Amino acid sequence: MAKKRRILIIDDSPSNINILNEILSSDYLISIATTGEKAFALMTHTVPDLILLDIMMPGMDGYAVCRQLKSTPELSDIPIIFVTAKVAIEDEERGFDVGAVDYITKPVSPPIVLARVKNHLLIKSQQDQLRESVSLLRHKAEILQHKAELGMLAAGLAHDINNILFAAMMLDVIPAMIPDDVVEKGEILDHVQSVMETLGMGRDICNGFTSYLNDIGEAPQVQPFPPLLIPIEMFVKTYRVR
């Protein structure tokens, strides 16, 4: 069963309130306020889906109430229908200028009240759904932007590491350039080994970053790096390093 929508009637006349309540109460939940001040106090804990608002009231008149509603962010989306005996064209224009969506003249016709309320609640529902869709699309766009930034970062990192790995392949000439009688030859080869291990760590970091992109659903923009092609053992075997 669909949840009943709530209508707030703001009118200082008990007879007008009774008439509107009788027309609407079978289809909607009804809240009542006899002044603008009481209406705002009520809306601090119960926000209506639509407001039926009288214009001529003591204290804040209907125009002032409507104006304040439209300037309050958490209440500005509530559709407001003026229900009034003021029928002059300039009164209707003023009502629309301050933010009302419709105008019903007194004495009210029940079919007209029901039709106007139903139509504006439908419009409100469609607007709410549109806002939710826009919010969801904005959130998805932010996620895609984040993924794109991660992809660009990973691609740049991969490029830099690939360049370093390519340069590391040139390390295989070092043993041939070191005479066998160089005392520090073993120490030099230890340094080469350390460099190769460090580069291997860089490769592993890039591979981990690529896996992360795959886990969050991003198409891989970086391919996993192959093992280092010239491990230090090959230096020893190839050049018979002591």
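Structural data are supplied above this passage.
The rules we used
- Note on numbering: residues in each chain are counted from 1, in written sequence order.
- Residues qualify for local features only when their pLDDT is at least 70, as the model is predicted, and side-chain atom pairs are given and counted only at 80 or more; totals for whole chains, interfaces and linings, by contrast, use all residues.
- Heavy atoms from the whole structure form the basis of all side-chain values; hydrogens and water molecules are not counted.
- Where helices and strands are cited, they refer to DSSP runs of H or I of at least four residues and of E of at least two residues respectively, numbered from the N terminus.
- Burial status follows relative accessibility: with a 1.4 Å probe on protein chains alone, a residue under 20% of its type maximum counts as buried, one over 50% as exposed, and anything between as partly exposed.
- The contact rule is simple, with two residues in contact once any of their heavy atoms fall within 4.5 Å.
- Note on areas: Shrake-Rupley with a 1.4 Å probe; residue coverage comes only from the protein chains shown.
- Planes of paired rings set the category: under 30 degrees apart is stacked, over 60 is edge-to-face and the rest tilted, where pairs are Phe, Tyr or Trp rings (Trp by its six-membered ring) whose centres lie within 6.5 Å.
- By definition here, a salt bridge exists when the distance from a side-chain nitrogen of Lys or Arg to a carboxyl oxygen of Asp or Glu is within 4 Å.
- Note on terminology: a nonpolar core comprises buried Ala, Val, Leu, Ile, Met, Phe, Trp, Tyr and Cys residues joined through side-chain atoms within 4.5 Å.
- Between any two strands, at least two bridges found by DSSP are needed for them to pair.
- Looking down the strands as they point away from the viewer, one classifies a crossover as right-handed if the path from the first strand across the helix to the second runs clockwise.

1. As for the overall build of the protein chain
Phase 1: Along the backbone of the protein chain there are 8 helices and 5 strands.
Phase 2: For the protein chain, the α and β elements follow one another from N to C terminus as β-α-β-α-β-α-β-α-β-α-α-α-α.
Phase 3: Classification of the 242 residues of the protein chain by burial places 36% in the buried group.
Phase 4: Across the protein chain, every contact between residues at least 6 apart in sequence was considered, and the portion connecting residues at least 24 apart equals 63%.
Phase 5: Of the roughly 14600 Å² of accessible surface on the protein chain, a fraction of 60% belongs to carbon and sulfur atoms.

2. Concerning the packing of aromatic side chains
Phase 1: Taken as a whole, this structure holds 3 aromatic pairs when the rule is applied.
Phase 2: With 5.7 Å between their ring centres and 70° between their planes, Tyr-63 and Phe-82 make a pair best called edge-to-face. Of this pair, Tyr-63 sits in helix H3 (residues 62-70) while Phe-82 sits in strand S4 (residues 80-84), placing them 19 residues apart in sequence.
Phase 3: When its relative accessible area of 2% is taken as the criterion, Tyr-63 is described as buried.
Phase 4: Through a chain of ring-to-ring contacts, three or more aromatic side chains come together here, namely Tyr-63, Phe-82, Phe-96 and Tyr-103.

3. Some words on the pattern of salt bridges
Phase 1: Throughout the structure, instances matching the rule amount to 8 salt bridges.
Phase 2: A salt bridge links Lys-106 to Asp-11; the nearest nitrogen and oxygen atoms lie 3.2 Å apart. Taken together, the residues Lys-106 in the loop between strand S5 (102-105) and helix H5 (110-168) and Asp-11 in the loop between strand S1 (6-10) and helix H1 (14-24) connect sequence positions 95 residues apart.
Phase 3: Residues Arg-131 and Asp-128 are paired through a salt bridge, measuring 2.6 Å at the closest nitrogen-oxygen approach. Of this pair, Arg-131 and Asp-128 are both found in helix H5, 3 residues apart, which corresponds to roughly one turn of the helix.

4. A few points about the nonpolar core
Generally speaking, a soluble globular protein has its nonpolar side chains buried in company with each other.
Phase 1: Core analysis: the biggest nonpolar cluster contains 23 residues, and Met-43, Ile-51, Leu-53 and Phe-82 have the highest contact counts within it.
Phase 2: When contributions to this core are tallied by element, the ones reaching two or more residues are S1, helix H2 (36-43), strand S3 (50-53), H3 and S4.
Phase 3: Beyond its immediate chain neighbours, meaning those up to four positions away, Ile-51 contacts Leu-8, Ile-10, Met-43, Leu-69, Ile-78, Pro-79, Ile-80 and Ile-81.
Phase 4: Counting 16 residues, the second-largest nonpolar core is a separate cluster that includes Ile-23, Tyr-28, Ile-104 and Leu-121.

5. Section: the environment of Leu-121
Phase 1: Structurally, Leu-121 is set in helix H5.
Phase 2: When its relative accessible area of 5% is taken as the criterion, Leu-121 is described as buried.
Phase 3: A sequence separation of 114 residues divides Leu-121 from Ile-7, and the C-alpha atoms of the two residues are 9.8 Å apart.
Phase 4: Not counting residues within four places of it along the chain, the set of residues in contact with Leu-121 comprises Arg-5, Ile-7, Tyr-28, Asp-49 and Leu-50.

6. Some thoughts on the pairing of S1
Phase 1: Counting buried positions over the 5 residues of S1 gives 4, a clear majority of the element.
Phase 2: Bridging between S1 and strand S2 (residues 29-33) involves 5 bridges; their strand directions are parallel. Residue pairing across strands places Ile-9 opposite Ile-32, the latter belonging to S2.
Phase 3: Handedness of the crossover joining S1 and S2 through H1: right-handed.
Phase 4: Judged from the 4 bridges that link them, S1 and S3 form a sheet pairing that is parallel.

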